[in-house]
Structure formats: C-alpha cells, structure tokens
Amino acid sequence: MTFAFSDGEPYRRLPSVSFTTAEGARRHQEDGSSALWRRKKRLEVAESSGTAFSDETEDESVEDEMIRKPFNGRGPSFFAQQQAMPLKPLLTDMPWSQRVRSLRTRLLWGLLMVSSCIGLVLAGHIWVIFLVIAIQTLVFKEVIAIAYVPSKEKKIPYFRLINWYFLLAANHFLYGESLINYLSTSSIYQYDFIQQWAIHHRFYSFVVYTIGIVVFVMNLKRGLYKFQFSQFAWTHMALLLVVFQSHTIINNILEGMIWFFIPTGLVITNDVFAYVCGFFFGRTRLIRLSPSKTWEGFIGGAICTLAFGFIASGVIAQMHYFICPVRDLSASAWSNATCEPHPVFVPAEYCLPVGITNFLYQITGSKITHMWIRPLQWHTLVLTVFASLIAPFGGFFASGVKRAFKIKDFGDSIPGHGGITDRMDCQFIMGTFSYVYIQTFIKPSIPALAPAVMRLPLAAQKHLFVWLATYLQEEKGIDIKGLVEQTFPLMPRPQEHVPESESVMLD
C-alpha cells in the first residue's frame, strides 16, 4: 500500500512515503496517534500544575503539533494534507443543475437583502445607523468566534464577557464622537447632562477602556497566558477592522444618505455582476486564496459597476433626501427634506473635444458640443474604480483568514452566501475609503471649529466672541460694528426703554 502527499501544490507530487504492508501502515498510524495522545496528557498535567513539561511554548495545542511536525518523524504533516486537497472547482466546471441551484439560492437571498436595505434607507437615517450597528455586532461575533478554544475558554471566568466589554468601550468612544457633532446642532444639547457628557466624552471613554484592561489583567491564569494574550490581540484586531470601519460608515450617513447608498451600491453591483460574468464566462482563476473568483468575472464586474455608478449618481443627486446632511435623525424619504445643494451636486457645463463631438454626430445625427454633468459623477468614477479593483481585496483578506483557520465560511446565517462577514468584508474597506475621500475632496466647507464652539457653555462663548472681536478690530483693523450691520441688515435695533411714568407725562 502506498500513501502519497503533496507539499502544498495541488497538482505536483513529491516522492511517496510507502509502506510495503497494510500492517506497517497501521503501526505507523498507531504510533503517531499514541505520540499525540501522550503529549496531550502531559500538556493537561502541566496546565493543572502550572509547570512546563518540555521546551515547547506553554500554550501549544495538539493541533499546532500536528501542523508543525509529522507523526513520529514519518509521513506527512496535517498542514501538508490540507494543502494537498484539490481547489474548489469553477462555476463553469460544475454540472449545469448544480450551477442553477447555486444561482437560485444566491439570487433569492440577495434580492431579500437588497430590498430590505433599500427599505431601511427610505425609512430614515436612524434605521440605517441601527442596521450598521447590528451588522457590526454580528460580524464581530463571527470574527472572534473562529479563534475560540472551548477547552481553554471554560477555565477562564468572564472570558467572553471581557471581549464584549471591549466592543462596548470602542462603540462608546467612536460613536460618541459622531453623535456629539450631531447633538451640537440639536435642541437636545440644551440639557446640562448632555453638555457635560459631550465635554468630558474622551475622558469617560479612556476610563471605560482602562477598566477593561484592569479586569483582563486580574483574570490572567497561569499556564494560559499565551492563549489569553493571543485572544486579547485577536479581539483588538477585530475592533480595528470591524468597529472602526463601521464608525466611518456611520459618519458617511450623517454627511448625507447618498454617501452611504452610492458606496454600498457600487460594492453590491460589482459583486453581483462579477458572479454573473463568472457564472457564464469564467475560465481563468483570479487568485488562489479565493479559487472561485475568475478574471472574466473580475473584469466584467468592473465594467458594469462603472456604468451603474455614473448613471445612478446622476439620478440620486437630484433628490434632496439623499444629498442633505443629517439635521433630524427621524427624517425619512417622505419628510420633504430640503437644503442648499453642495456644488458637487449642481450640474456643470463641459465642452466636448472635437473627436467626441464627431463620434456622437455619427451615432445620433446631432452635433453635441457641450454636456452638463454633475461633479459628483466624476467623483463616483473614482469610487467605482476602488470598488472594482481594491475593495475585492477585502474579500481576499477574509479568504486568507478562513484558510488560516481551516473554515469554509465565517457562518451559515445566509444560505448560499455564508455568514454576515462573508457578505460585508468588502463593504468595510469601501466605507472607510469613501469616508477618507469625502473628507479630503468633497467635504462641505464648514469650519471644523464650529461644532466645538457650539459645545462650549454660554459664558465661554461670550468670552470667545469678545476676544475675537477685539482681535479683529485691533490687530486686523476691521470695523466690527459695520461688519455686524452688514451681516445682519434686517436685525431689529434695540429700542430704548421708556419708563411708564415718562410716557404718562408725555401724554
């Protein structure tokens, strides 16, 4: 009997490890199993006594031993066996009935998710914010769950509670920053406890996080240090990649619903058309980490996304509900919201080159020399390029994580798609890029100091006003009285108070 294993390349063979008899193969497996069983027992004894039994690291598991070393120095390692598994077949290589069944399931649940998202977008900003927070919480749960080791976790009290505490601490800091900017222009800011919370928010956030650090350190157990600190690092990596990026998405929503709808729609469109093009034309694998992706789907999805982004942004920019920054979280698509459109949403005239004019004349029979295009549509092309070329690498990153932990999907909550993380891996990096791009190139020219000034107590605001007026008048030579009269020409002038006794005497 002969057993042959690869070194990780699925189609290249190495010299085989052979056993001349079935008895030899059986003894090989028994020897390897016995060695692992003995090591596991020694590890359990060492953990219970708090001492190390060998020169190995203190938290090395049996699975780590299987990956690092072959059985008794003979035969393949567990890692080599996993790498020897054949790659997942392309959609075009599957039987037609299986392809149709997969397409039907993905299409059904995809339509359900898209329609639900559109319904929440129309229902109002607050519902979309709740949706983002819910998705963030589910993704965090799935990400930290793949690193759990139940046999060690059960020995540590409050283990999962600490992870969720750090999530709440991160949410308090990040979402508090966004909420403060909104509350500074809201009537609710008149309450004293809201003002005190806003002024000392960062200090409160630091105290909350420090309490978590103290509890974590007090919960350390001898013999489990490496496991606990690896879980601590894994939790904070999840906070960085999930919670921080969710925070940027919520900031986009507060800038205007369009900055949530367009980036999200671009990723969905790219994902859908990449799947469709790969379904019908996929022949060439794109990347080994995600073997079901093809170059045909990648290129086809990018072309369709470019067309969708340019057209959809021009249509949505005409709707005030989408382009207005948030002033009332309870507003919806039926609230008749109005605002002064930012210049990026106002059509601008562009002169077409002669070559394009002649080309359009041959197609349409009309001589078109000018075209009105909203600047938003040019910005959307930049977002589209990122959604098509870079955002998929968020999915490839997630695929690498799944390969590292030997799992197919992060969960099974969405039939045909996997877990929530499998659907949202590209959305997070797209939301972060959109936030950075908006703040850099599109952000309305409102002074960043204004929200901070509005959060000051009334006495401090008056002091700041007097100091600024004095500075402008004495250092810059500006006539403050004339400036006020020019800025507020219709402001009623204060009337001199005439005592009642004097008014009677005049009569």
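Residues numbered from 1 in each chain as written. Predicted model: local features only at pLDDT ≥ 70, side-chain atom pairs only at ≥ 80, totals over all residues. Heavy atoms only, no water.

How do you make sense of the nonpolar core when you look at a structure like this?
Note that soluble globular proteins tend to have their nonpolar side chains buried in a common cluster. Membership of the largest hydrophobic core comes to 69 residues, with the highest contact counts inside it found for Val139, Ile258, Phe260 and Phe345. Here the element with the most residues in this core is helix 10 (residues 225-255); it accounts for eleven residues. Setting aside its immediate chain neighbours within four residues, Phe345 contacts Ile258, Trp259, Ala317, Ile323, Arg374 and Leu376. (Core = buried A, V, L, I, M, F, W, Y, C linked by side-chain atoms within 4.5 Å. Buried < 20%, exposed > 50% of the residue type's maximum accessible area, 1.4 Å probe, protein only. Helix = DSSP H or I, 4+ residues; strand = E, 2+ residues; numbered from the N terminus. Contact = heavy atoms within 4.5 Å.)

Whenever I open this one, the confidence of the model for the protein confuses me. Can you help?
For any part of a model where pLDDT is low, the fine detail of the predicted coordinates should not be relied upon. On average, residues of the protein score 78 in pLDDT, and 73% of them reach the 70 mark or higher. With pLDDT under 50 throughout, residues 1-20 is counted as low confidence; its partners more than four residues away or in other chains account for 30 contacts. Within the model, pLDDT remains below 50 along residues 496-507, and this stretch shows one contact once partners closer than five positions in the same chain are excluded. (pLDDT = per-residue confidence, 0-100.)

Can you help me understand the pattern of salt bridges in this one?
Once their charged atoms are close, side chains differing in charge can pair, the charge on each being opposite to the other. Within this structure, the stated rule accounts for five salt bridges. A salt bridge links Glu177 to Arg202, with the shortest nitrogen-to-oxygen separation between them at 3.0 Å. One end of the pair, Glu177, is in helix 7 (residues 159-183); the other, Arg202, is in helix 9 (residues 201-218), with 25 residues separating them in the sequence. Salt-bridge contacts for Asp422 lead to Lys402; the nearest nitrogen and oxygen are separated by 2.9 Å. With Asp422 in helix 17 (residues 420-442) and Lys402 in helix 16 (residues 392-404), this pair connects stretches of sequence that are 20 residues apart. Across the pair, exposure class does not vary: Asp422 and Lys402 are buried alike. Within this structure, Lys402, Lys408, Asp409 and Asp422 form a network of salt bridges that share partners. (Salt bridge = Lys/Arg side-chain N within 4 Å of Asp/Glu carboxyl O.)

Even after reading the chapter, I still don't get the side chain of Asn270, so can you show me in this structure?
Mapped onto the elements of the fold, Asn270 is located in helix 11 (residues 258-281). Aside from chain neighbours lying at most four places away, what touches Asn270 is Gly301, Ala302, Thr305, Ala387, Ser388 and Pro392.

Quick question: what am I supposed to make of the state of the cysteines here?
Cysteine pairs can be covalently joined through their sulfur atoms, and such a bond is termed a disulfide. Per the stated rule, a full pass over the model turns up one disulfide. The disulfide that involves Cys324 links it to Cys339, with 2.1 Å between the sulfurs. Disulfide Cys324-Cys339: the torsion about the S-S bond is -95°, which places it as left-handed. Note that Cys324 is positioned in the loop between helix 13 (320-323) and strand 5 (348-351) and Cys339 in the loop between helix 13 and strand 5, a separation of 15 residues in sequence. (Disulfide = S-S within 2.5 Å.)

Can you walk me through helix 9 in this structure?
Along an α-helix, residues three or four apart share an orientation, since each turn contains 3.6 residues. The end-to-end C-alpha distance of helix 9 is 26 Å, a good match for the 26 Å that 18 residues give at a rise of 1.5 Å each. Along helix 9, the residues classified as buried are His201, Ser205, Gly212 and Phe216. Considered in projection along helix 9, the buried side chains sweep an arc of 50° and stay on one side of the axis. Those residues of helix 9 that are exposed and aimed more than 90 degrees away from the buried face are Phe203, Phe206 and Met218. (Expected span 1.5 Å × (residues − 1). Arc of directions from axis to C-beta.)

Where do I start with the packing of aromatic side chains in this structure?
How two aromatic rings sit relative to each other is set out by the distance from centre to centre and by the angle between their planes. As enumerated under the stated definition, the model contains 24 aromatic pairs in all. The interplanar angle of 80° and the centroid separation of 5.3 Å between the aromatic rings of Tyr321 and Phe322 together place this pair among those described as edge-to-face. For Tyr321, a relative accessible area of 7% corresponds to the buried category. Residues Phe393 and Phe396 carry aromatic rings whose centres are separated by 5.1 Å and whose planes lie at 80° to one another, so their mutual orientation is edge-to-face. With Phe393 and Phe396 both in helix 16, this residue pair falls three residues apart, about one helical turn. Residue class for Phe393 comes out partly exposed when judged on its relative accessible area of 46%. Overall, Phe396 belongs to the buried group, its relative accessible area being 6%. Each residue in the set Tyr165, Phe166, Tyr209, Phe216, Phe229 and Phe232 is aromatic and connected to the rest through ring pairs, giving one cluster. (Phe/Tyr/Trp six-rings, centres within 6.5 Å; stacked < 30°, edge-to-face > 60°.)

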